[in-house]
Amino acid sequence: MKNNSVKFGFYTSNRATRLRKFLSGPLRGNSIIGMVLHDGIPSDELKNLCDQNGIDLMAVDYVELGVDKSRRNKYLSDVLLEQLVARGVDYCFCFGSCILVGDLLRVFRNRIINFHPSLLPAFPGIKAVDQAIEYGARFLGNTAHFIDEGVDTGPIIMQSIISAEAFSGYDSVLDQQLLMLAQIIKWLEQGRIEVSGRKVNVRDAVCDDLTFMPNVEPDLLQKLL
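We now turn to the structure provided with this report. Keep in mind that what you see is a predicted model, and the values were worked out from it rather than measured.

As for helix H4 (residues 72–86)
So, point 1. If you check H4, its first and last C-alpha atoms are 21 Å apart, about what 15 residues at 1.5 Å a residue would give, namely 21 Å.
So, point 2. Where H4 is buried, its residues meet strand E1 (7–13), strand E2 (32–39), strand E3 (56–60), helix H3 (62–65), strand E4 (91–95) and helix H5 (103–107).
So, point 3. Trailing H4 by a residue or two, Gly88 shows a phi angle of about 65°, which is positive.

Regarding the pairing of E1
So, point 1. Buried residues dominate E1, accounting for six of its seven residues.
So, point 2. In this structure, E1 lies alongside E2, joined through seven bridges in parallel fashion. What sits directly across from Ser13, in E2, is Asp39.
So, point 3. With respect to chirality, the unit in which E1 leads through helix H1 (residues 17–24) into the neighbouring parallel E2 is right-handed.
So, point 4. Taken together, the five bridges between E1 and E4 define a ladder with parallel strand orientation. When the bridges of E4 are listed, Thr12 appears paired with Phe95.

Concerning the packing of H1 against helix H8 (residues 176–189)
So, point 1. One way to put it is that H1 packs onto H8 with a least axis distance of 10 Å and a crossing angle of 65°. You can see that H1 and H8 cross each other, and the crossing is right-handed. Judged by residue contacts, Arg18, Lys21 and Phe22 of H1 engage Gln177, Leu178, Leu181, Ala182 and Ile185 from H8.

Quick look at the pairing of E3
So, point 1. Of the strand pairs in this sheet, E2 and E3 are connected by five bridges, and their pairing is parallel. For Val36, the partnering residue across the bridge sits in E3 and is Leu57.

A closer look at the pattern of salt bridges
So, point 1. Under the definition given, this model contains 13 salt bridges.
So, point 2. Note that Asp175 is salt-bridged to Arg18, the shortest N-O span being 2.8 Å. Here the residue Asp175 occupies a position in the loop between helix H7 (170–174) and H8, and Arg18 occupies one in helix H1, the gap between them amounting to 157 residues.
So, point 3. On the accessibility criterion, Arg18 (11% relative accessible area) is buried.
So, point 4. A salt bridge links Arg20 to Glu45; the nearest nitrogen and oxygen atoms lie 2.8 Å apart. Residue Arg20 is located in helix H1, and its partner Glu45 is located in helix H2 (residues 44–52); the two are separated by 25 residues in the primary sequence.
So, point 5. On the basis of relative accessibility, which here comes to 10%, the residue Arg20 falls in the buried class.

Calculation notes
- Residues numbered from 1 in each chain as written.
- Predicted model: local features only at pLDDT ≥ 70, side-chain atom pairs only at ≥ 80, totals over all residues.
- Heavy atoms only, no water.
- Helix = DSSP H or I, 4+ residues; strand = E, 2+ residues; numbered from the N terminus.
- Expected span 1.5 Å × (residues − 1).
- Contact = heavy atoms within 4.5 Å.
- Buried < 20%, exposed > 50% of the residue type's maximum accessible area, 1.4 Å probe, protein only.
- Pairing = 2+ DSSP bridges.
- Right-handed = clockwise from strand over helix to strand, strands pointing away.
- Axes fitted to C-alpha atoms, helices over the stretch in contact; angles between N-to-C directions.
- Left-handed = near helix turned anticlockwise from the far one by under 90°.
- Salt bridge = Lys/Arg side-chain N within 4 Å of Asp/Glu carboxyl O.

This is how it looks when you write it as structure tokens:
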């Protein structure tokens, strides 16, 4: 049964492309988004989309705050924790560039979800798509995983895949994350995601389509038609 009380937050940086596409596209649905914390100066488009959707947008301007690079991961993590708790957010999706650390990872254990553009555990870290292409990998893809104290090492929720021969630019890989995001939101609202150690189980999920594993459900695919 759908639980409409589940509240989601987002941490973004740079152009926040995937969040902008999600908010302006057909997959947004009626999910409750309580906040967006943006690392840096948000674009006018992101500001407008958040305003149109009634979402509080906060920006962390390191230059204005006088926070040097060596302190940014900790500073951003502490601000994110403060805002998530203050706004009663249940789960946070990470599309940002900072490495999250500290008390945030303890308080929100298995509640912060990162989207990484590779089939983990292969090609962790930055420029993952480039790493895979340069290595000569046959497949590219994305991994949604809970964040832990490592870099791209947390329990895996969902993965997507495309042939390297089908690569036509970064968006051909990264835009798969939109369906993954919408599906994971639905699963969380329905209370279907269970974590035991490193194992993530999605109750009643189907796993017979290698494009998305577990499969994206038909009602979400229908929204794209």
